[in-house]
Each structure stands twice: as structure tokens, then as C-alpha cells.
Amino acid sequence: MSREHYASDPRLRVVTGTCPHDCPDTCAWQVAVERESGKAIDIWGHAEHPFTAGKLCGKVDHYLERTYHVDRLTTPLRRVGRKGEGRFEPITWDAALAEIATRTRAAVAEHGPETVLQYSYAGTMGLLQGEGMAQRFFHRLGATRLARTICATAGMQGLTYTQGRRLGMDPLDFEHSKLIWLWGSNTLTSNMHLWPIIAKASKQGARVVVIDPVRTRTAKAADEWVGIRPGSDGALALALMHVLIGEDLVDHEYVERASVGFAALAERVADWTPERAEPITGIAAARIRELAREYAGTRPAAIRINYGLQRHRGGGMAVRNIACLPVLTGSWRERGGGLQLSSSGAFNLALAGLERPDLLAGRTPRTFNMIRLGDALSRDAEDLRRAHLRERPIDPLPEQPGPPVHVLFVYNSNPAAVAPDQGKVVAGLAREDLFTVVLEHFQTDTADWADIVLPATTQLEHWDIVKPYGHLYLGLNRPAIAPVGESRPNSEIFRNLAQALGFDDPCFGESDESILAQLMHDQQAQRDPAFRTITWEALLEHGFMRLDVPTPYLPFAAGEFPTPSGKAELYSATMLADGYDPLPTYEPCEVERTRAEQGASDDLLHCISPPAHSFLNSTFVNVGKFAMREKGPQLLMHPDDAAARAIVSGCEVEVENERGVVCLRARVSDEVVRGTVVAPSIWWNKYSPGGRNINWLSPPDETDMGAGAIFFDVPVRVRMREVEA
Ligand SMILES: Nc1nc2c(c(=O)[nH]1)N[C@H]1C(S)=C(S)[C@@H](COP(=O)(O)OP(=O)(O)OC[C@H]3O[C@@H](n4cnc5c(=O)[nH]c(N)nc54)[C@H](O)[C@@H]3O)O[C@H]1N2
Ligand SMILES: Nc1nc2c(c(=O)[nH]1)N[C@H]1C(S)=C(S)[C@@H](COP(=O)(O)OP(=O)(O)OC[C@H]3O[C@@H](n4cnc5c(=O)[nH]c(N)nc54)[C@H](O)[C@@H]3O)O[C@H]1N2
Ligand SMILES: [Mo]
């Protein structure tokens, strides 16, 4: 039966929802459900959603296989084996909740509420099943807060310094571009719904250039691949600015009207010649000159940067520098011009009514940085001090670290696989005096370390509203099916936990629908005029709603920026006050620094581990078809780097740094620049040789801004694996 007939078939219901995954595309989907059995039988992309345009990605197209997977967790579980062994027995919800309440009460009585740590990220981006009810619970408890830095904070901060907010082009406007730079963005993998729009622009004569250390499938589909050494984008941007200013390719009228600091910037970039950038970036000086001329001379010109290029020591500064380019050429004026990193700043949602920080009642618990989970779970006072959030170089470490963590709640995240410094994370999770609760769909690497595992519902089974970061449509999610097994929505689980702990605030009695309706109705809260037309009723009727902003959406065409000066800040006094160079500069990456420290050595390689095409972070890795497609944990190497180590495709290699050794299978190809190795990620540890994925080698160090992770800035040595006789 074809999909057109579903709606008229009396045996079926068609339910509209929104993909929950951490991806810029936030698709609208439709699900066909058999009325009699209540079973979902098909899922597809919503045809009327302008960005989804009727098509889901290769992963979510198989969402039903994940939802109905035989390994879905269907009852609460209690650990019976040793910590980490992964042996559990089913228990009732009442027994599980009672045990968690008893253990939490005891720990809080002995050490205070900061002994409880929450750990979550974006397993779902839904506002309710993400942090809505969870934050109500942790605020009421007074638990240690978590800075959610693992993905994007460096770039967000860098962008904010230059342009004031996370605003960008309407991605639908890439259609009007004549030059498109995909800079540190594997669009066909991580943002695939932008591709048809780019393809349309391309048909109309646009040139598409990919700036990436890897000749990705996106680079292969583009007009040109510019292979860049990872971590050097800040230097490339400086050299581009050198040419733009030196050859007077600047839109002076716009720069004058819309920016501050042009003269100082001109002085700064005067000695950033392309010749200076060439050995840093690996891009020929002549090519850098041409790139700058093409960028200024082709209009409209769009830049799509993505978060890949900010997972480096200098990642914040790199994004700050790149954000100066469309200011210099005035490309923000034009439909199809400008820059896109994130659109999330356009959604100025007030969340206090949902997350209820007032329940802290004047307490200010410490905040731990999530990328320092290993330190956070240590009992050592120095480690605990390091786990505190420090967003800027001027932020001091605290005098008092506070108590060790004795109770850990993990939801919407798989830190044993995705967090850096995995060895230390696992050592913390192994502590006998740590009580760990994991809310999950599957028995992940993290769930293996739990004391209690609680089965959670998927997006097919619960209500939510999802805020996108790669387009302008807010999405409603209606449940299509009943919860699988005894699974419960996160919101319900935190409601149950609140009751078990005797929290009697009425906010712990509200239903999911009424919370979401309240969030959208609360005209007091949603004062931003962009939400004028987005009511709860409208969401129920349409399933998704565009922000009420003009079409075309040109956030900076008028030259007004939401910075302290009201202009784009080529010179930023805020940065100076925060302990940074107020002008664009180049921060060498960790690998460069290590090379400099250890003396020039060809031995050291730069390891990056961007997403494997068929996975979403560590989600989908346990669905057989996806793991098969990815052919096991691999390491992509350049032929010269491989030859120097007598490595050929298919052989097992050991990848090593001071944190330890990880085993991968080599794939030798010139799809990567020399000196860089690529480990497509994020494999589960239990499917990786030796039980370790690449994050065993990822350092816990912070990016220059926003205290983010440096997953793509890892110095390693690679050799053939010694085979024991
Ligand atoms: N299929 C799939 N889609 C995803 C995800 C996934 O895991 N799988 N993850 C989602 C999430 S959480 C996020 S944050 C986004 C991430 O989306 P992106 O930011 O696009 O993600 P990455 O693939 O991490 O990085 C993009 C590209 O940057 C390149 N790169 C790495 N280092 C550098 C550098 O120093 N300079 C330059 N110029 N390029 C560099 C990588 O080789 C990669 O091709 O994607 C989301 N979408
Ligand atoms: N080496 C390396 N490491 C990386 C990255 C990389 O590129 N390379 N990328 C980094 C980035 S960009 C990110 S964003 C992080 C991502 O890290 P995470 O946010 O931890 O992402 P996932 O690995 O997808 O894990 C999400 C988990 O949440 C669960 N989940 C989903 N929905 C729900 C729900 O409704 N309720 C409950 N209870 N659970 C749910 C899923 O089953 C899944 O196990 O990883 C980072 N780590
Ligand atoms: Mo991410």
C-alpha cells in the first residue's frame, strides 16, 4: 500500500511528529499506525515541511527498527553482577523508585545535595523530555549543576563575540547563493537536508567549495575540495582577511555602518599574508588569494560552518575569525549571503516556567563541566576542583571543590562512550561507593555501569516540542504508539522520582500535555514577537510552525547586531575583559603545541573522529544494519603516513598517546590530508577491540572559549599491531 492511501484507510492513523535527534535538520515526520494493534508500520518525512521536504535520513528512516528492536529495555533493572559487568535482574518500578529514593536520601543526608550529579546531553532535543522535568527535579534537590559543553560551546561563544547572537541565514536561502563554502561541515552526513537546496543552487550556477581535512562524501559531491590541516581554520580566516583588506575587496559602506574596529583589524591582518598561513593550513598561498577574491567577487556568497571545526584548542577563536568575513564583504545584505552556524538564537524561548530554577530557592550549587566527567567522579580534591566549569581564562578555580559525587543520574547521554578521557570516566563509574541510575532505551556502555537502569520511551511514545538549530520551524511531537514494555517518558520518571523523594510542589503533578500547552500559552513568558503566531493550538493543528519573522529572513542586512556596541565587533572590548585578544588571532591547536614541545617529529599524527555516516553520535550503533554499513571501527590514513609505518589497508593498528592504546583497522587512502588520521565515530566500547573506542585517547582539556571539548585535536602515534605468536 502506498503512503498516499494511508490517510484514507480506516484501519490506520497517521500521526505527525518531530525527530528528536541532535542534528541541525530537526525533521517533521509522519507515522502510520494500525488502529487495532496499535503498532507503527511506517515512518517517512513530512512532505509539507519545507526543510524536511518529504525525506528522512538513512538512520531515522529506520526508526521503527530501533523502536521495536529486540534489545529495547522494557523493565527496570537492578545490578546483580559486579560493577560494569552488565548483569542485571528485572525489578518493579516501585522497587526501583524506592531504592533510588533511599540511596539518594542517605547520600544527601551525609554529604549534602551537591553529592548528586546529573549527566545528560542531547539524546533527545525535546524541551520536555530533554531538560524540562529533569531540571525541575534537580533544582528542587539542589544537585550539582552540569555545564553542557560537549558539543558546541566554543563556536557558540566565538560567534557571539563577533555578531552578538547565534543567528544565521535561513538555510532555505542557500538556493539563492552563487558561491557556497561548506567549511568544516560534512553536509551530506550531518546536515543532509541542506544538500538538496545546495544542489538547486548549484544547478543555477553556484560554485560549491568544501574546506575540510577529509575528502568527505560532501567534498566529492562539491566543485572543489580544499584540504586543510585540522585546527588551522583561524589562520586561514586571517589570511583571507589579509587579502580582502589588502586588495580592497571590502564593502566599506557596510563595514562603516555595521561594524567596529576595522582599522585595528586591518593593522592586525597586515602581516597575515597567505605565505604565512600556507605552512599552517597546508593550503597554497596562491589558492588562499584566489579563495578570497572569489569570495568577495561572487555574490551572494554563503558560508556554512559547522561544529566540526571548533573541536580544537583554538576553536572559539577560529569561529570568531570566520564570522568577520561576511561583515567585511557585506554579504549579510543579500538573500543567499551571510553565514550559518546555528539558528538557535532566533528561538528566544523563555524556559524558566518549564525548568523552574526558582526551585533552587536561593541555593547556588556548584557547576561541573560535563567534559570533565572523569574528574567529577574522582574522590581526589584536586580532580574535583578541575571539574568545575571555567568558561574563560579569567575564571578562577574554586577554593573548595565540594563533596565527591555519590549519586549519578544519567539520561539522554552515553558518557562511557562519548565523553573524553574515557579511562578516567570508566574508573569513576567503577567506584563501589557511587550509586548510578541510567535512564535509557538500550543497554549502552554507560548502562552497563549502572546500579539501576530505568527504561525510557522513544519519540514515538511521548509528547514534546523540539527547538531546531538549523532552520526556523518549531516542531511538535505527538506520541504515535503506547510505551513499549514498561518504559516511561523521562518526564514521567522524574515526576515519579520527585514523588518518591516527597517533593510536593504542584509542578511535579502536571501532565506532559498541560506543561507544553502552558509553555506556549504563557504569553508572559514568550514575549518575543517571533512567537506571536506559534500557539499550542496552531502546533496541534499543523505539527510545526515557522517563527514569525519576515521572509526573506535577513538578520543582519540592516547592519544592526545584538552586541554591546550594536555592531559587528571586529574589535571586541568584551573579549578583552574576558581575558582574550580583542582582535582576531590564531591559537595553535593542541597537536601543533605538542609538536613544538617535542621538536619537529613526523611521528606524531593529528587524530580527528567525526561522525560515521550511519550513526548519530553513539545512537544507532547497536542496530545491526548500521554497524554493518560502517564495517567496524576504522582509522583512515594518508598513503604517505601509512607507508612510513609499513601499514597497509586492512591491517590492525594501535593508536596511542599518553592516555593509552586503542586498536583500529587501517584504511589507507588519499581522502585525508597528510599528517591527519580519521577515526569515524562514535562506536560503542563493547563493539570495539579491547573494549575501548577512540575517546580513550581524547583529552579532557578545554577549548579556548566556552570550556568545550577538543575531540578533533588529539596527538597520537600509530603503528602496526604486534601479533602475538
Ligand atoms: N549522521 C550524523 N549526523 C549528525 C551527527 C552524527 O553523529 N551523525 N551528529 C550531530 C551532532 S551532535 C552535531 S554537533 C553535528 C555536527 O556536525 P558537523 O559539525 O558537520 O560535524 P562533524 O562531522 O563533527 O564535522 C564536520 C566536518 O569537519 C571536519 N573537520 C574536523 N576538524 C576540522 C578542522 O579543524 N577544520 C575544518 N575545516 N574541518 C574540520 C570533519 O572532517 C568533518 O567532515 O552533526 C549532527 N548530525
Ligand atoms: N570522539 C568523538 N566524541 C564525540 C563526538 C565526536 O564527533 N567524536 N561528538 C560529540 C558531540 S558533538 C556530542 S553532541 C556528544 C553526544 O553525546 P550524547 O548526547 O551522549 O549522544 P548519544 O551518544 O547519541 O547518546 C544519547 C543517548 O540518549 C539515549 N536517549 C535518546 N532519547 C532518549 C530519551 O528520550 N530518554 C532517555 N532516557 N534516553 C534517551 C539514546 O538511547 C542514547 O544512548 O558526543 C560527543 N563526543
Ligand atoms: Mo553535537
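First, a word on what this report is: a plain description of the structure on this page. Remember, predicted model here, so these are calculated numbers, not experimental data.

1. Notes on helix H3 (residues 128-141)
Step number 1: Here H3 is 14 residues long and its end C-alpha atoms lie 18 Å apart, about the 20 Å a rise of 1.5 Å per residue gives.
Step number 2: In the structure, H3 departs most strongly from a straight axis at Gln135, where the bend amounts to approximately 30°.
Step number 3: Burial analysis of H3 places 13 of its 14 residues in the buried class, the great majority of the element.
Step number 4: Looking one or two residues beyond H3, the residue adopting positive phi is Gly142, at roughly 80°.

2. Some details on the pattern of salt bridges
Step number 1: Per the counting criterion, the structure on display carries 58 salt bridges.
Step number 2: Salt-bridge contacts for Arg495 lead to Asp512; the nearest nitrogen and oxygen are separated by 2.4 Å. Taken together, the residues Arg495 in helix H20 (residues 490-500) and Asp512 in helix H21 (residues 512-521) connect sequence positions 17 residues apart.
Step number 3: A relative accessible area of 8% places Arg495 in the buried class.
Step number 4: Between Arg665 and Glu652 there is a salt bridge, and its shortest N-O distance comes to 3.5 Å. Residue Arg665 is found in strand E25 (residues 660-668), and its partner Glu652 is found in strand E24 (residues 652-657); the two are separated by 13 residues along the sequence.

3. Details of the site of ligand 1
Step number 1: Close to ligand 1 lie 35 residues; Asp212, Asp233, His312, Phe615 and Asn617 are nearest.
Step number 2: A distance of 2.7 Å separates an oxygen atom of ligand 1 from a polar side-chain atom of His312.
Step number 3: Residue Asn617 places a main-chain N or O atom 2.7 Å away from an oxygen atom belonging to ligand 1.
Step number 4: In isolation ligand 1 has 900 Å² of accessible area, and contact with the protein removes 98% of it.
Step number 5: Broken down by class, the residue content of the shell around ligand 1 amounts to 18 nonpolar, twelve polar and five charged.

4. With respect to the site of ligand 2
Step number 1: Around ligand 2, 31 residues are found, and the nearest of them are Ser413, Glu440, Ser609, Ser618 and Thr619.
Step number 2: Within the contact set of ligand 2, an oxygen atom lies 2.7 Å away from a side-chain nitrogen or oxygen of Ser413.
Step number 3: Contact between ligand 2 and Asn414: an oxygen atom at 3.0 Å from a main-chain N or O atom of the residue.
Step number 4: Protein burial of ligand 2: of its 920 Å² of free accessible surface, 97% is covered by the chains.
Step number 5: A class-by-class count of the residues in the shell around ligand 2 yields twelve nonpolar, 15 polar and four charged.

5. Observations concerning the sheet that holds strand E12 (residues 301-305)
Step number 1: Strand order in the open sheet made by the five strands is E10-E9-E8-E12-E13, with parallel pairing throughout. The sheet terminates laterally at strand E10 (224-227) and strand E13 (338-340), the two strands that pair on one side only. Ignoring which end each strand starts from, the neighbouring axes of this sheet average 20° apart.
Step number 2: Judged from the five bridges that link them, strand E8 (residues 179-183) and E12 form a sheet pairing that is parallel. The residue of E12 that forms the bridge with Trp183 is Ile305.
Step number 3: Where helix H8 (residues 233-246) meets the sheet, it contacts E8 and strand E9 (207-212), and its direction lies at approximately 150° from that of E8.

6. Quick look at the packing of H8 against helix H10 (residues 262-269)
Step number 1: In the contact formed by H8 and H10, the axes pass within 9 Å of each other and the chain directions differ by 110°. By the angle between their axes, H8 is roughly perpendicular relative to H10. Pair H8 / H10 crosses with left-handed handedness. Contact with H8, carried on its side by Leu238, Met241, His242 and Ile245, involves Phe262, Leu265, Ala266 and Val269 of H10 and no other residues of that element.

7. Section: the environment of Ala302
Step number 1: Structurally, the position occupied by Ala302 is in strand E12.
Step number 2: The residues touching Ala302, leaving out its near neighbours within four places in the chain, are Met169, Phe174, Ser177, Leu179, Ile180, Trp181, Gly336 and Gly338.

8. So, the nonpolar core
Step number 1: Ranked by internal contacts, the top residues of the largest apolar core, which has 173 residues, are Phe137, Phe138, Trp181 and Trp183.
Step number 2: Counting residues per element, this core draws most heavily on H8, which supplies ten residues.
Step number 3: Once residues within four sequence positions are removed from consideration, Phe137 is found in contact with Phe409, Phe494, Leu497, Ala498, Leu501, Phe503 and Phe508.
Step number 4: The next biggest cluster of nonpolar side chains, apart from the first, holds 30 residues, and it includes Cys23, Cys27, Leu64 and Ala480.

9. Here's the deal with the pairing of strand E19 (residues 473-477)
Step number 1: For E19, a buried count of five out of five residues is recorded, marking the element as mostly surrounded by other parts of the structure.
Step number 2: Going residue by residue along E19, you find Tyr473, Gly475 and Asn477 tucked away on one face and Leu474 and Leu476 tucked away on the opposite face as well.
Step number 3: Examined bridge by bridge, strand E18 (residues 464-466) and E19 share three bridges and lie antiparallel to one another. Note on E19: the bridge partner recorded for Val466 is Gly475.
Step number 4: Looking at chain direction, E19 and strand E20 (residues 544-546) are connected through three bridges and run antiparallel.

10. Focus on the pairing of strand E15 (residues 407-411)
Step number 1: Within E15, five of the five residues are buried, which leaves the element mostly enclosed by the surrounding structure.
Step number 2: Here E15 shows no split at all, with Val407, Phe409 and Tyr411 on one side and Leu408 and Val410 on the other all buried.
Step number 3: For strand E6 (residues 116-120) and E15, the ladder comprises five bridges, and the chain directions are parallel. Note on E15: the bridge partner recorded for Ser120 is Tyr411.
Step number 4: Of the strand pairs in this sheet, E15 and strand E16 (residues 435-440) are connected by five bridges, and their pairing is parallel. Across the sheet, residue Val407 finds its bridge partner in E16, namely Phe435.

11. Some remarks on the packing of H8 against helix H11 (residues 274-281)
Step number 1: Following both chains from N to C, one finds H8 and H11 inclined at 160°, their axes separated by 9 Å at the closest point. Of the possible angle classes, the one that applies to H8 and H11 is roughly antiparallel. The two elements H8 and H11 meet at a crossing, and its hand is left-handed. Packed against H8, whose contacting residues are Ala235, Leu236, Ala239, His242 and Val243, the element H11 presents Pro274, Ala277, Ile280 and Thr281 at the interface.

What counts, and where the lines are drawn
- Residues numbered from 1 in each chain as written.
- Chains lettered and ligands numbered in written order.
- Predicted model: local features only at pLDDT ≥ 70, side-chain atom pairs only at ≥ 80, totals over all residues.
- Heavy atoms only, no water.
- Helix = DSSP H or I, 4+ residues; strand = E, 2+ residues; numbered from the N terminus.
- Expected span 1.5 Å × (residues − 1).
- Bend = angle between axes of the 7 residues up to and from the residue.
- Buried < 20%, exposed > 50% of the residue type's maximum accessible area, 1.4 Å probe, protein only.
- Salt bridge = Lys/Arg side-chain N within 4 Å of Asp/Glu carboxyl O.
- Near = heavy atom within 4 Å.
- Polar contact = N/O pair within 3.5 Å; in protein donor to acceptor, adjacent residues only side chain to side chain.
- Areas by Shrake-Rupley, 256 points an atom, 1.4 Å probe, with all protein chains shown as cover.
- Nonpolar A, V, L, I, M, F, W, Y, C, P; charged D, E, K, R; others polar.
- Pairing = 2+ DSSP bridges.
- Axes fitted to C-alpha atoms, helices over the stretch in contact; angles between N-to-C directions.
- Contact = heavy atoms within 4.5 Å.
- Parallel < 35°, antiparallel > 145°, perpendicular 65-115°, else oblique.
- Left-handed = near helix turned anticlockwise from the far one by under 90°.
- Core = buried A, V, L, I, M, F, W, Y, C linked by side-chain atoms within 4.5 Å.

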